[in-house]
Amino acid sequence: MNRIFLAFLLALATALASAQPVTPPPIAARAYYLVDLLSGQTLAAANENDRAEPASLTKLMTAYLVFAAMKSGKLTPAQEITVPEKAQKATGSRMFLVAGTKVPVSELIQGLVVQSGNDSAITLAEAVAGSEEAFVAMMNAQATRLGLHATSFANASGQPSPNHYSTARDIATLATALIRDFPDRYPLYSQKEFTYNRIAQANRNRLLWTDPTVDGMKTGFTESAGYCLVASARRGERRLLSVLLGAQSDGLRTSESQKLLNFGFQAYETRLLYHKGQAIASLEVFKGTQSKVPLGFQRDIWLTMPRDRFAGVAAVLETRQPLVAPLAAGQKAGIMKLTREHSPVAEFPVVSLEDVPVGGFLSRGWDTLRLLFDPSPS
């Protein structure tokens, strides 16, 4: 690989900051995970890969598949679903459905998201897949597609089972995917109350009342799982997502989640380094219809660091050489590596920003000769 050194200052600060890590406050929970959704970077974590019971956080996956069914047209908001007997018999949190009645999908979803109804989860699961068992197979298949390698589902509602488990990291990945893939449905998670059949129930996410920047996302509780909460907050351009598992009380899951979010916003800063499609280099191409191709990124590139650490960050572009046509727009052509004081900070794939078709016979022949004599051109 050739290296094109693109040293540049990323901060306005003039002095180098301390290299000591930023330590999160003590968090009273079995496991937690905090991520910045702009950059995708982890800000704090403890026991994030330990297997844990997800309780009603399971309903994030149930909702993901229901939203996917709505997106595909299999379900519509006004469509009425007949409540099965199995749903009425569900224990735990419920929206108090009655078997045999018809309920619009829109109300079942509010029962699922706002009231955390186990009965609504079962009803929607059967509507999507024909049976809860078939729906569980869909849940596990989707978990595999999303990369939830330490997750297994046994039901749609989160009832305890030996084959029903996840991790704080996997739950964060799932919640992130739900926000990313169904942004039009995400506002449901900020709804504070829902009334069905004259029974009003409040959203159990107490942060919705105490922190105006919090707009989601899901609570969970069983005796064995303890009190759990996925919380998401947006302040300015940044959105942080926290996952907290196994708190000892409702109050603690609220206060400890708030501590995590405040820590992430106060101790870290996220900056836009490169825009999607911005050309950062132009490299020689062989055997193509053009002699050079611009390189850049397929998405906006954000970097999260402690607020005083941006000074002294430098970038090194490592490219795959020689570049030989054909090249497709979006094809990986190198890596941008960020370092600070000779220590790695982050790295991002760099791609071709344009298609470069194969050139004519003469140009290909000439470039073949050039590559024979100089196989690693700069």
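In the block above lies the structure referred to throughout.
Residues numbered from 1 in each chain as written. Predicted model: local features only at pLDDT ≥ 70, side-chain atom pairs only at ≥ 80, totals over all residues. Heavy atoms only, no water.

A. Region of interest: unusual backbone geometry. In this structure, the amide linkage connecting glycine 216 to the following residue, methionine 217, adopts the cis form with an omega of 25°. By the secondary structure assignment, methionine 217 is in strand S8 (residues 214-222). At serine 116, a position not held by glycine, the phi torsion is positive, near 55°. Of note, serine 116 is situated in the loop between helix H3 (105-113) and helix H4 (118-129). (Helix = DSSP H or I, 4+ residues; strand = E, 2+ residues; numbered from the N terminus.)

B. Focus on the nonpolar core. Ranked by internal contacts, the top residues of the largest apolar core, which has 62 residues, are Leu60, Met61, Phe67, Ile109, Tyr189, Met217 and Val230. Among the elements that take part in this core, helix H1 (residues 59-72) stands out by supplying nine residues, more than any other. Filtering out sequence-adjacent residues up to four positions away, valine 230 remains in contact with Leu57, Leu60, Ile171, Ala175, Gly216, Met217, Lys218, Leu241, Ser242 and Val243. Ala281, Phe310, Ala325 and Leu338 belong to the second-largest nonpolar core, a separate cluster that totals 25 residues. (Core = buried A, V, L, I, M, F, W, Y, C linked by side-chain atoms within 4.5 Å. Buried < 20%, exposed > 50% of the residue type's maximum accessible area, 1.4 Å probe, protein only. Contact = heavy atoms within 4.5 Å.)

C. Expanded view of the pairing of strand S13 (residues 292-296). Burial within S13 is extensive, with four of its five residues counted as buried. Across four bridges, strand S12 (residues 281-286) lies against S13 in antiparallel orientation. The partner of alanine 281 across the bridge, within S13, is leucine 295. Connecting S12 to the next strand, S13, in antiparallel fashion are five residues, including lysine 287 with a positive phi near 65°. Sheet topology places S13 next to strand S18 (residues 343-352); two bridges connect them, and they run antiparallel. (Pairing = 2+ DSSP bridges.)

D. Local environment of the packing of aromatic side chains. A complete count under the given rule lists six aromatic pairs for this structure. Ring centres of tyrosine 186 and tyrosine 189 lie 6.0 Å apart, and the angle between their planes is 25°; this geometry places the pair in the stacked category. Comparing tyrosine 186 with tyrosine 189 shows no difference in burial state: the two are buried. Judged by centre distance (5.8 Å) and plane angle (85°), the ring pair of phenylalanine 263 and tyrosine 268 falls under edge-to-face. Summarising the burial analysis for this pair, phenylalanine 263 and tyrosine 268 share the class buried. In textbook terms, an aromatic cluster arises when at least three aromatic residues are bridged by ring pairs, as seen for Tyr64, Phe67 and Phe182. Its end group placed over the ring of tyrosine 165, arginine 51 keeps NZ or CZ at 3.6 Å from the ring centre. (Phe/Tyr/Trp six-rings, centres within 6.5 Å; stacked < 30°, edge-to-face > 60°. Lys NZ or Arg CZ within 6 Å of the ring centre and 35° of its normal.)

E. Representation of the packing of H1 against H3. Where H1 contacts H3, the axes come no closer than 11 Å and their chain directions differ by 160°. As far as their axial angle goes, H3 and H1 are roughly antiparallel. Handedness of the H1/H3 crossing: left-handed. For the pair formed by H1 and H3, the contact residues are Lys59, Thr62, Ala63, Val66, Phe67 and Met70 on the first element and Val105, Ile109 and Leu112 on the second. Each residue belonging to the contact of H1 with H3 can be placed in one class, and the counts come to seven nonpolar, one polar and one charged. (Axes fitted to C-alpha atoms, helices over the stretch in contact; angles between N-to-C directions. Parallel < 35°, antiparallel > 145°, perpendicular 65-115°, else oblique. Left-handed = near helix turned anticlockwise from the far one by under 90°. Nonpolar A, V, L, I, M, F, W, Y, C, P; charged D, E, K, R; others polar.)

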